[in-house]
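Tertiary structure, described
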Amino acid sequence: MNIKKHVKRGLWNHLMKSGIEMGLASIIYEVGVASKYVNHAMRTGDLGLAGTSNLYGEDQLALDVVADEIIKDRLDHTGRVSRIISEEQSEIVIFERQSRVGGYSVCYDPLDGSSLVDVNLSVGTIVAIYAGDDPLQSGRHQVGAMYVLYGPRTTLVYGASNGVHEFTLNNLGEYVLTQEYIQVKERGKIFSPGGIRRDYLPEHEEIVKKLENDGYKLRYSGGFVPDINQILLKGGGLFMYPATTKAEHGKLRLPFELNPMAYLIELAGGAASDGRRPILELDCYDLDQRSPVYIGSREEVEMATQYFK
Ligand code: F6P
Ligand code: MN
């Protein structure tokens, strides 16, 4: 075994060589550490997690609450995070004791698609990182984003000024580099349509018809992280969660779900739009803010936006 090569390809080593700021690197790394505990909790149902068991007492907590606590603790542990918002919290959480030097704010969805765990489908953790004390900013201001996908394998994708990179959790509990400088294809072959057809708006109905007529294959798991991961890493394509007659802003949340994924997809050369404007340019003012989304390969996103002109 080439030990030197092996060590070089770990997540921390990659972060250090990437030249990104130390605080940002440690946030990405610590979310990676947290994800191993989330992974363990999910796969074993064992809630006796290191250093946190007293918090939970005898109660059986829902997995997404457990994941939230684990990630919150690790973010606090970095000493570089001043504020967080999480899909599991109703308000901004302030870490009081943080030094003000080089602070970051983090928005995260600890366990997206958690109801899919019961039926053994893939789920994920999604994270957006901003410099400073304001976690509610337009997505364009992100300095980094990442997701962890808990599937047959556990993988971590992070993006920052140095590009988008994928790591795979090995049997030693290390995230090892699998792909660097990922680029999403200009045009793909699959589409992932969220929502119920009965509730589609006419523009969206036309978009879906065009994709079907053009021979796109349906690939929709109901988990945002695996669905985006497939588009990013495999063959490109288009993920959609539209505005509907029942929900004019769609379903997916801007701060925890759409902004970080839009950041990663754009960084990899793809695009993300609400149909009219880039997702990353939408004002973000509310924890529960939602937006319709068309995200993936550039050509398909551009095609979708034509229907809203
Ligand atoms: O936000 C939660 C989520 O489960 C996403 O992971 C997924 O893309 C979406 O909701 C699925 O919604 P639906 O069940 O309406 O397709
Ligand atoms: Mn979610």
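Presented here is an overview of the structure given in this document. (Residues numbered from 1 in each chain as written. Chains lettered and ligands numbered in written order. Predicted model: local features only at pLDDT ≥ 70, side-chain atom pairs only at ≥ 80, totals over all residues. Heavy atoms only, no water.)

The next thing to look at is the environment of serine 105. Along the chain, serine 105 turns up in strand β3 (residues 104-112). Residues serine 105 and tyrosine 263, spaced 158 residues apart in sequence, show a C-alpha to C-alpha distance of 16 Å. Reaching out from serine 105, the side chain makes a polar contact with the backbone nitrogen of aspartate 134 at a distance of 3.3 Å. (Helix = DSSP H or I, 4+ residues; strand = E, 2+ residues; numbered from the N terminus. Polar contact = N/O pair within 3.5 Å; in protein donor to acceptor, adjacent residues only side chain to side chain.)

Its boundaries defined by the atoms lining it, the largest pocket holds a volume of some 370 Å³. Residue lining of the largest pocket: 19 residues in total, with His249, Asp274, Arg277, Ser291 and Pro292 positioned closest to the centre. Split into classes, the residues belonging to the lining of the largest pocket amount to nine nonpolar, three polar and seven charged. Volume-wise, the second largest pocket comes out at about 240 Å³. Only α7 (224-235) and β11 (238-241) provide two or more residues apiece to the lining of the second largest pocket. Taken together, the residues of the lining of the second largest pocket break down into five nonpolar, three polar and seven charged. (1 Å grid on protein atoms, 1.4 Å probe; cavity = no way out; pocket = protein on both sides within 12 Å on 5 of 7 lines; lining within 4 Å. Points joined across faces, edges and corners; volume = space filled by probe spheres on them. Nonpolar A, V, L, I, M, F, W, Y, C, P; charged D, E, K, R; others polar.)

Next up on the list: the side chain of serine 273. Take serine 273: it is sitting in strand β12 (residues 271-273). Since its relative accessible area comes to 5%, serine 273 is described here as buried. There is a polar contact of 2.8 Å between the side chain of serine 273 and the backbone nitrogen of glycine 275. In this structure serine 273 touches Pro278, Ile279, Pro292, Val293, Tyr294, Val301 and Thr305, once residues within four positions along its chain are discounted. (Buried < 20%, exposed > 50% of the residue type's maximum accessible area, 1.4 Å probe, protein only. Contact = heavy atoms within 4.5 Å.)

What follows is about the pattern of salt bridges. Within the structure shown, the criterion is met by 16 salt bridges. Between arginine 197 and glutamate 205 there is a salt bridge whose closest N-O contact spans 3.3 Å. With relative accessibility at 35%, the residue arginine 197 sits in the partly exposed group. The partner of arginine 253 in a salt bridge is aspartate 288, with the nearest N and O atoms 3.0 Å apart. Of this pair, arginine 253 sits in the loop between β11 and α8 (254-267) while aspartate 288 sits in the loop between β12 and β13 (293-296), placing them 35 residues apart in sequence. (Salt bridge = Lys/Arg side-chain N within 4 Å of Asp/Glu carboxyl O.)

The subject of this paragraph is the coordination of the manganese ion (ligand 2). For the manganese ion (ligand 2), every protein donor is listed as Asp109 (OD), Asp112 (OD) and Glu257 (OE), and the spread of their distances is 2.0 to 2.2 Å. Mapped onto the sequence, the donors of the manganese ion (ligand 2) take the spacing D-x2-D-x144-E. Of the two residues, aspartate 112 is situated in strand β3 and glutamate 257 in helix α8; the sequence distance between them amounts to 145 residues. Glutamate 257 sits in the buried class, given a relative accessible area of 4%. (Donors = N, O, S within 2.8 Å, 3.2 Å for Na, K, Ca; no water.)

Here we take up the sheet that holds strand β10 (residues 217-218). Strand order across the open sheet formed by five strands is β10-β9-β11-β13-β12, with mixed pairing between neighbours. Every other strand in the sheet has two partners, leaving β10 and β12 as the edge strands with one partner each. Examined bridge by bridge, β12 and β13 share three bridges and lie antiparallel to one another. Bridge pairing in β13 links serine 273 to tyrosine 294. (Pairing = 2+ DSSP bridges.)

To continue, consider the site of ligand 1. Lining the immediate environment of ligand 1, one finds Asp112, Gly113, Tyr220, Gly222, Gly223, Phe224, Phe239, Tyr241, Lys251, Leu252 and Glu257. A distance of 2.5 Å is found between an oxygen atom of ligand 1 and a side-chain nitrogen or oxygen belonging to aspartate 112. Measuring from an oxygen atom of ligand 1, one finds a side-chain N or O atom of lysine 251 at 2.9 Å. Alone, ligand 1 offers 400 Å² of accessible surface; in the complex the protein occludes 75% of this. Here ligand 1 is seated within the second largest pocket. (Near = heavy atom within 4 Å. Areas by Shrake-Rupley, 256 points an atom, 1.4 Å probe, with all protein chains shown as cover. Sits in = over half its atoms within 2 Å of the grid points.)

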